[in-house]
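Read off the chains here:
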Amino acid sequence: MSGVWLVADVGGTNARFALLDGPGGVPSEVRSLPTAGYPGLAEAAAAYLAAVGVRPSAACLAVAGPVGGGTYHLTNAGWPRGSVEEVRAHLGVPHLDVINDFEALALSLPRLGPDDLVAVGGRAPAPAGAAPLAVVGPGTGLGVAGLVPTPHGWVPVPGEGGQVDVPAATDREIEVARLLRAEKGAATAEYLLSGAGLARIHRYLSVLDGAPAAGLTAREITERRDDDPRRVEALRMFCALLGSLAGNAALTLGARGGVLLGGGILPRIVDVLHASEFRARFEGKPPVEDYVRAIPTALIVHPGPALVGAAVRLAQSLPDMEPA
């Protein structure tokens with residue numbers, strides 16, 4: 001299999017790799033490796049390729065962090081800043097793209113079908129339409145990106161939208177943001193809207209209530225809620241803050257086509273998301289409520305959208321070089 005493409009979605013916790021035999025192919029040999037188990041991107045990708053016994057003709061690695069000037073940096077992985085060319089040489093791949101993971105996620109949106117989306121507050125977006133889209137996703141970090149239609153196809157708009165200020169609105173949220181600023185020196189959205197952020201919200205709520213801080217993880221908060229109303233409050237605050245952030249992204253990017261929600265946390269709390277103030281906070285943008293109310297929102301339930309987006313990027317980069 002010397003003509004296949006390698007695609008990857010590399011986050012702060014896990015690195016998912018897959019192979020493709022064509023631009024429209026379905027990812028195969030999908031495997032997940034712990035990011036902390038490897039010293040860098042090149043070593044993780046090389047370990048995967050050694051396991052599957054393949055030397056690809058091209059690769060696109062989507063990473064959770066900024067990419068530019070021939071370098072990349074995984075914000076939450078603990079890896080050093082790396083060189084794209086050094087990774088390419090290490091892997092012996094003729095062509096390598098390294099892109100932001102939410103750029104890849106954005107590129108996947110027009111390829112998603114109705115079964116890949118669950119509407120949140122009304123109708124689901126139709127990502128193959130002709131209006132700009134946005135994608136927001138809390139996981140190990142918080143990603144935000146846009147996708148804009150042009151006469152020559154869809155163009156992704158990556159950025160570091162997770163580093164904006166927390167959109168606190170209620171008195172309780174403002175108190176949580178105050179504790180965050182005291183601890184971290186800044187009230188950055190990712191500090192609350194991520195796995196570690198959900199744990200912080202729960203801890204700060206305990207402080208505000210004068211209760212012992214249990215030090216729960218995000219998974220513990222999402223999986224065991226019945227015996228602790230504060231866990232439910234933390235999840236509802238998480239979803240409300242996310243709604244405000246998603247509404248801000250919709251306004252900033254003009255995402256009339258819809259805002260899609262990704263990341264690894266939300267699929268575990270779909271019931272809370274639907275019952276939360278997410279959509280109310282998304283729409284609560286006076287004096288432009290009518291503008292935002294017309295924008296649909298949905299949760300992505302496709303198992304590997306960033307892998308699909310990485311393949312789209314390769315198809316754009318190598319239009320005349322399809323795998324054998």
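Residues numbered from 1 in each chain as written. Predicted model: local features only at pLDDT ≥ 70, side-chain atom pairs only at ≥ 80, totals over all residues. Heavy atoms only, no water.

An unreviewed UniProt entry annotates the chain as Glucokinase of Actinomadura meyerae. In its Sequence similarities (unreviewed entry) section, UniProt records this for the chain: "Belongs to the bacterial glucokinase family." Regarding the chain, the relevant UniProt record gives this comment under Subcellular location (unreviewed entry): "Cytoplasm". (UniProt positions renumbered as here; feature names shortened; annotations may be inferred.)

Visitor: Explain the overall build of the chain to me, please; I cannot follow it from the model alone.
Guide: Looking only at helices and strands, the chain has eleven helices and 14 strands in total. Its C-alpha radius of gyration of 20 Å places the chain within 12% of the 20 Å reference for a compact globule of 324 residues. Taken along its principal axes, the extent of the C-alpha atoms in the chain is 60 × 40 × 35 Å. For the chain, buried positions account for 52% of its 324 residues. Sequence-distant contacts in the chain: of pairs separated by 6 or more residues, those separated by 24 or more amount to 68%. Approximately 13,600 Å² of the chain is accessible, and the part contributed by carbon and sulfur atoms is 53%. (Helix = DSSP H or I, 4+ residues; strand = E, 2+ residues; numbered from the N terminus. Rg over C-alpha atoms; globule rule 2.2 N^0.38 Å. Buried < 20%, exposed > 50% of the residue type's maximum accessible area, 1.4 Å probe, protein only. Contact = heavy atoms within 4.5 Å. Areas by Shrake-Rupley, 256 points an atom, 1.4 Å probe, with all protein chains shown as cover.)

Visitor: What is the right way to look at the UniProt feature "binding site: ATP" (unreviewed entry) in the chain in this model?
Guide: Under the UniProt annotation, "binding site: ATP" (unreviewed entry) lies at Ala-8, Asp-9, Val-10, Gly-11, Gly-12 and Thr-13. Checked against the element boundaries, Gly-11 lands in the loop between β1 (5-10) and β2 (14-20). Not counting residues within four places of it along the chain, the set of residues in contact with Gly-11 comprises Thr-35, Ala-64 and Leu-74. Of note, Gly-12 is situated in the loop between β1 and β2. For Gly-12, the residues in contact, after removing those within four places along its chain, are Thr-35, Ala-64, Asn-76, Ala-77 and Thr-140.

Visitor: Is there a simple way to think about the environment of Ala-306 in this case?
Guide: Tracing the backbone through its elements, the reader meets Ala-306 in helix α11 (residues 305-317). Spatially, the C-alpha atom of Ala-306 lies 39 Å from that of Pro-212, the residues being 94 residues apart in sequence. Among residues more than four places away in sequence, those in contact with Ala-306 are Asp-9, Asp-101, Ala-104 and Leu-105.

Visitor: How should the packing of aromatic side chains be read in this particular structure?
Guide: Within a pair of aromatic rings, the relevant descriptors are the distance that separates the centres and the angle that separates the planes. Going through the model one piece at a time under the given rule, you end up with two aromatic pairs. Judged by centre distance (6.3 Å) and plane angle (20 degrees), the ring pair of Phe-278 and Phe-282 falls under stacked. Placement of the pair is Phe-278 and Phe-282 together in helix α9 (residues 278-283), with a separation of four residues, close to one helical turn. Taking the relative accessible area as the measure of exposure, Phe-278 reaches 0% and is therefore buried. (Phe/Tyr/Trp six-rings, centres within 6.5 Å; stacked < 30°, edge-to-face > 60°.)

Visitor: Sorry, what's going on with the sheet that holds strand β4 (residues 58-63) here?
Guide: Backbone-to-backbone hydrogen bonds pair the strands of a sheet. The strands run either parallel or antiparallel. Judged by pairing direction, the sheet is mixed, and its five strands sit side by side in the order β3-β2-β1-β4-β8 without closing on themselves. Of all strands in the sheet, those with a lone pairing partner are β3 (28-34) and β8 (95-100), marking the two edges. Taking the axes of each pair of neighbouring strands and ignoring which way they run, one obtains an average angle of 15 degrees across the sheet. Inspection of the sheet shows β2 paired to β3 by five bridges, in the antiparallel sense. Paired with Phe-17 across the strands is Arg-31, a residue of β3. α11 rests against β1, β2, β3, β4 and β8 of the sheet, and its axis sits at about 135 degrees to β1. (Pairing = 2+ DSSP bridges. Axes fitted to C-alpha atoms, helices over the stretch in contact; angles between N-to-C directions.)

Visitor: I keep staring at helix α7 (residues 229-253) and nothing clicks. Help me out?
Guide: Each α-helix turn comprises 3.6 residues. Residues three or four places apart therefore point the same way. In a regular helix each residue adds 1.5 Å, so 25 residues correspond to 36 Å; α7 covers 36 Å between its end C-alpha atoms and thus fits that length. One side-chain oxygen of the residue at the start of α7 lies 2.9 Å from the amide nitrogen of Arg-230, identifying that residue as Asp-228. Where α7 terminates, the next one or two residues include Gly-254, which has phi positive at roughly 60 degrees. (Expected span 1.5 Å × (residues − 1). Polar contact = N/O pair within 3.5 Å; in protein donor to acceptor, adjacent residues only side chain to side chain.)

Visitor: What's the story with the domain arrangement of the chain in this structure? I'm lost.
Guide: How large an interface is tends to be reported as the accessible area lost when its parts come together. What the domain assignment lists for the chain is domain 1 (4-100 + 304-317) and domain 2 (113-301). The partner domain 2 presents seven residues to the eight residues of domain 1 that form the contact. Across the domain 1/domain 2 interface, buried area totals approximately 520 Å², and carbon plus sulfur atoms make up 45% of it. If you look at where domain 1 meets domain 2, you find zero salt bridges. On inspection of domain 1 and its partner domain 2, the count reaches one residue pair in polar contact (both at pLDDT 80 or more). Partitioning the side of domain 1 that touches domain 2 into residue classes produces two nonpolar, six polar and no charged. (Domains from an automatic or database assignment. Buried area = accessible area lost by both parts, 1.4 Å probe. Salt bridge = Lys/Arg side-chain N within 4 Å of Asp/Glu carboxyl O. Nonpolar A, V, L, I, M, F, W, Y, C, P; charged D, E, K, R; others polar.)

Visitor: Whenever I open this one, the environment of Pro-286 confuses me. Can you help?
Guide: On the secondary structure map, Pro-286 appears in the loop between α9 and α10 (289-293). By relative accessible area, which is 62% here, Pro-286 ends up exposed. Pro-286 sits 77 residues away from Asp-209 along the chain, and the two C-alpha atoms are 32 Å apart.

Visitor: Teacher, can you tell me more about the pattern of salt bridges here?
Guide: Proximity of charged atoms lets side chains of opposite charge pair with each other. All told, the structure shown has 15 salt bridges when counted by the stated rule. Among the salt bridges present, the one from Glu-103 reaches Arg-313, with a minimum N-O distance of 3.1 Å. With Glu-103 in helix α3 (residues 101-108) and Arg-313 in helix α11, this pair connects stretches of sequence that are 210 residues apart. Here Arg-313 falls in the partly exposed class, since its relative accessible area comes to 22%. Of the charged contacts in the structure, one is a salt bridge between Asp-228 and Arg-231, with a shortest N-O distance of 3.3 Å. Under the relative-accessibility criterion, Arg-231 is labelled buried at 7%. Connected through salt bridges with shared partners, the residues Arg-172, Asp-209, Arg-230 and Glu-233 form a single ionic network.

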